[in-house]
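# A closer look at the structure
Here is how the chains run, residue by residue.
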Amino acid sequence: MAPWRASDEVVDWSKIEERAPTVARMFTDRVAASPRAEAFRFPAPDGNGWASVTWSEAGKRVRTLAAGLIALGVQPEQRVALTSATRYEWVLADLAVMCAGAATTTVYPTTTASDITFIVANSGSRVVVAEDEKQLAKLREHRDQLPDVQRVVLIDGPAPADDEWVIGFDDLAALGDHLLAEHPDAVDDRIAQISPDSLATLIYTSGTTGRPKGVRLPHSAWTYEAASIDAVGIFDSEDLQYLWLPLSHVFGKILLILPLQVGFPTAVDGRVDKIVDNLAVVRPTFMGAAPRIFEKAYARIVGTVHDEGGIKAKIFDWALGVGLQMSRTRQAGREPSRMLTARYRLADRLVFRTIRDRFGGRLKFFVSGSAPLDRHVAQWFDAVGIVILEGYGLSETSAASLVNRPSAYRFGSVGWPIPGTEVRIAEDGEILIKGPGVMPGYHDNPEATAESLDADGWFHTGDIGMIDQDGFVQITDRKKDMFKTSTGKYVAPSAIAATFKGICPYVGEIIIHGEGKSYCVALISLDAESVSEWARENGMAGRPLDEIARSDKAMAMMRAYVDQLNAGLNRWEQVKKFTILERELTVESGEITPSMKLKRKIVTNNFADRISELYS
């Protein structure tokens, strides 16, 4: 086995050069090429099993919805906001918006009423597609601040009879059917008017600091991203995707565009609590997720086996040791010995095959993005025969700028750039990206655009990193999150946090603090689901989370894990003191973004008194 080097990668450049000019064309081309093939499956409306539609069926529904938007007066490149959880109707609405020549403003369903008002108003959205009465209520709360919104389209439930501002999803389709009866070419005419530079999507950043900024992404950014990923041969039409990620986030959005390019079907269900159950039923070949999903799965499997103990735990640990040896051998580019191969086959039959079956048994790989993935978690999955391909990108770069490949991956890295994208490291260590996927700018915010995009078209990511000799890029930390202790030493808190999540199965979040101080401290939140099993084993079954967090046993348990963390850190990085928070950090509390990113500033402000106590 030879070492993996980016310069050796084989790329089918024709897929990039001959790609569709717009997402709308990409979709209609896919419908024409694969009319009878399965396009999407989703939970059946009656609650029993899954429903499925072909590309032809999806195409007809999208066309009528697009015509409905045109009938409402939506003009080319005008914005249509979409506030909904991940579901099949989200897919239909988004494609309909682009086929009408308009642009989708994506809004997380967890967004507060005030932030929805800001995003809808700032984007100039003329129509809002809202999932249900809950989302509708948020819009009504500040309706007087949304004079540009002409209609709200309600996905679930009938539209209220006493409010002409609101129509139903089927009402929108009925308007489209009426328009198409009189003007059969209405949608085709709109699609023909769209250029590669036309605005397709307006994605507002998660806003870890300040008001979110609207990222303007043209059709060309999405078609390039999909074609470039396709060009390296990661996916094919025989794949089956399981898609649960928020489609309001750029990571979920690119996974929705990709099947238009490649032609594989996608199972869509945004219910996070159903992921594991659905994987066993759907049996996909790949799935994208944030690292927290993999961390929780790892913790649950390891914790369950060790709680049972006995011979089963001993066999599990033996098998894992063999799997890790095989994983390290592959990473080093060496051929495994006959003895190791034989031992791995036995370990696979006794342990690993059962683990893979929990995820459906057909996985080729997982894709991880949105936050750093601990390399030990990645290697654990690799040991049991499931590769996690970590990637990297931002809203401003249309998601996937870099990604590991199934045949070339390095733990702790985010892989190689996708074909056509350039990456370099600035003098201060910041990662800079240039390519067709980079945004032209922020919406109505020239100052922020000038700060992020330089005159040569390089986007300044705000992340610190390095490129190794084989072309793999490693992310060290967020530039704004790194801090300097009073002794002048730099600390990368996000990297330490990712490592700790791979060590401790019971942690929700860990926030390292030490700016201008002589030592580092940490705020640690527990993961309620994971720690419940530990609590049962330690005589605290059924106790509330705050009581568990305050217990001496929890402190002793966490101290052992922190000591393990410190053993691998430089002296100035080590956590000298910590406190366990009495509650989880949540999206609802404003401490976690909908894309599962930590809002460090808000958390440290909320728990400033606890930090002060640690330094007293």
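That block above? That's the structure.
Owing to the predicted nature of the structure, the values given are computational and were not obtained by experimental measurement.

Each value, and the rule that gives it
Residues numbered from 1 in each chain as written. Predicted model: local features only at pLDDT ≥ 70, side-chain atom pairs only at ≥ 80, totals over all residues. Heavy atoms only, no water. Patch = residues over 30% accessible without salt bridge, like charges linked within 9 Å, V, L, I, M, F, W, Y side chains within 5 Å. Areas by Shrake-Rupley, 256 points an atom, 1.4 Å probe, with all protein chains shown as cover. Salt bridge = Lys/Arg side-chain N within 4 Å of Asp/Glu carboxyl O. Helix = DSSP H or I, 4+ residues; strand = E, 2+ residues; numbered from the N terminus. Pairing = 2+ DSSP bridges. Contact = heavy atoms within 4.5 Å. Axes fitted to C-alpha atoms, helices over the stretch in contact; angles between N-to-C directions. Phe/Tyr/Trp six-rings, centres within 6.5 Å; stacked < 30°, edge-to-face > 60°. Buried < 20%, exposed > 50% of the residue type's maximum accessible area, 1.4 Å probe, protein only. Lys NZ or Arg CZ within 6 Å of the ring centre and 35° of its normal. Parallel < 35°, antiparallel > 145°, perpendicular 65-115°, else oblique. Nonpolar A, V, L, I, M, F, W, Y, C, P; charged D, E, K, R; others polar. Arc of directions from axis to C-beta. Left-handed = near helix turned anticlockwise from the far one by under 90°.

Turning next to a nonpolar patch on the surface. Where nonpolar side chains cluster on the molecular surface, the patch consists of Ile 311, Ile 315, Trp 318, Leu 346 and Leu 350 and spans about 440 Å² of accessible area. Secondary-structure elements contributing two or more residues to the nonpolar patch are α13 (310-331) and α14 (338-358). The element that contributes the greatest number of residues to the nonpolar patch is α13, accounting for three residues. Structurally, Ile 311 is set in helix α13.

The strand order β2-β1-β11-β10-β12-β13-β14-β15-β16 describes an open sheet built from nine strands, whose pairing is mixed. Taken across any chain shown, the strands that pair with only one partner, and hence form the sheet edges, are β2 (50-54) and β16 (416-417). Pairing of strand β10 (residues 241-243) with strand β12 (residues 286-289) involves two bridges; the strand directions are parallel. Across the sheet, the residue bridging to Gln 241 is Phe 286, located in β12. Seen against the sheet, helix α12 (residues 291-308) touches β12, β13 (365-368) and β14 (388-392) and runs at an angle of roughly 130° to β13.

Glancing now at the packing of aromatic side chains. Inspection of the entire model under this criterion finds 22 aromatic pairs. With centroids separated by 5.4 Å and ring planes inclined at 85°, the aromatic side chains of Phe 264 and Phe 286 adopt a geometry described as edge-to-face. Here Phe 264, found in the loop between α10 (250-262) and β11 (266-268), pairs with Phe 286, found in strand β12; they are 22 residues apart in sequence, far enough to count as distant. For Phe 286, a relative accessible area of 0% puts it in the buried group. Seen in terms of ring centroids, Tyr 506 and Tyr 561 are 6.2 Å apart; in terms of plane orientation they differ by 70°. Their pairing is edge-to-face. Linking Tyr 506 in the loop between α17 (493-503) and β24 (507-513) with Tyr 561 in helix α20 (residues 552-566), this pair joins segments that are 55 residues apart in sequence. Over the aromatic face of Trp 458 sits the side chain of Arg 424, whose NZ or CZ is 4.7 Å from the ring centroid.

Sheet architecture is open: four strands sit in the order β17-β18-β20-β21, paired in antiparallel fashion. Unpaired on one side and paired on the other, β17 (422-425) and β21 (473-478) mark the two borders of the sheet. The mean inter-strand angle of the sheet, taken between neighbouring strand axes irrespective of direction, is 50°. Note that strand β20 (residues 459-467) and β21 share five bridges and pair antiparallel. When the sheet's bridge partners are listed, Ile 467 is paired in β21 with Val 473.

A few words on the pairing of β24. Of all seven residues in β24, six are buried; the element is thus mostly enclosed. In sequence, β24 turns back onto strand β25 (residues 520-526) through a hairpin of six residues, with Gly 516 there showing a positive phi of about 70°.

Between helix α5 (residues 113-123) and helix α6 (residues 133-141), the shortest axis-to-axis distance is 8 Å and the interhelical angle comes to 70°. In terms of orientation, α5 lies roughly perpendicular with respect to α6. In contact with Ala 113, Ile 116 and Val 120 of α5, α6 contributes Gln 135, Lys 138, Leu 139 and Glu 141. By residue class, the composition of the contact of α5 with α6 is four nonpolar, one polar and two charged.

For helix α2 (residues 23-33), the full list of buried residues reads Val 23, Ala 24, Met 26, Phe 27, Arg 30 and Val 31. Taken end-on, α2 shows its buried residues confined to a sector of 165°, consistent with a single buried face. Residues of α2 that are exposed and point over 90 degrees away from its buried face: Ala 32 and Ala 33. Of the surrounding secondary structure, the elements contacted by the buried residues of α2 are α3 (55-71), α4 (88-99), α8 (186-193), α9 (219-231) and α10.

Scanning the entire structure with this criterion turns up 38 salt bridges. Of the charged contacts in the structure, one is a salt bridge between Arg 61 and Asp 170, with a shortest N-O distance of 3.0 Å. Here Asp 170 lies in helix α7 (residues 169-182) and Arg 61 lies in helix α3, a separation of 109 residues in the sequence. Overall, Arg 61 belongs to the partly exposed group, its relative accessible area being 27%. Among the ionic pairs, Arg 271 bridges to Asp 269, the shortest N-O distance being 2.8 Å. One continuous salt-bridge network, built from bridges that share partners, spans Arg 292, Glu 295, Lys 296, Arg 300, Asp 527 and Glu 529.

In this section: the pairing of β25. Across the seven residues of β25, seven count as buried, placing the element largely inside the fold. Along β25, one buried face is formed by Cys 520, Ala 522, Ile 524 and Leu 526 and the opposite face, lined by Val 521, Leu 523 and Ser 525, is buried too. In terms of strand pairing, β24 meets β25 through six bridges, oriented antiparallel. When the sheet's bridge partners are listed, Ile 512 is paired in β25 with Ala 522. Of the pairings in the sheet, the one linking β25 to strand β26 (residues 575-580) comprises five bridges and is parallel in character. When the sheet's bridge partners are listed, Leu 523 is paired in β26 with Thr 579.

Note on placement: Val 262 falls in helix α10. Taking the relative accessible area as the measure of exposure, Val 262 reaches 11% and is therefore buried. Considered as a pair, Val 262 and Gly 233 are 29 residues apart in the sequence and their alpha carbons are 9.9 Å apart. Excluding anything up to four places from it in sequence, Val 262 contacts Arg 30, Asp 230, Phe 235, Asp 236 and Ser 237.

In this section: the side chain of Ser 220. Mapped onto the elements of the fold, Ser 220 is located in helix α9. When near neighbours in sequence (up to four residues on either side) are disregarded, Ser 220 contacts Arg 19, Pro 196 and Asp 197.

Each packed pair of helices is defined by two parameters, the angle between the axes and the distance between the axes. Interhelical geometry of α12 versus helix α18 (residues 528-537) gives an angle of 15° and a closest axis separation of 10 Å. One element, α12, and the other, α18, form an angle in the roughly parallel class. As α12 packs across α18, the resulting crossing turns out to be left-handed. Contacts from Lys 296, Ala 299, Arg 300 and Asp 307 in α12 reach Glu 529, Ser 530, Glu 533 and Glu 537 in α18. Class assignment of the residues belonging to the contact of α12 with α18 gives a composition of one nonpolar, one polar and six charged.

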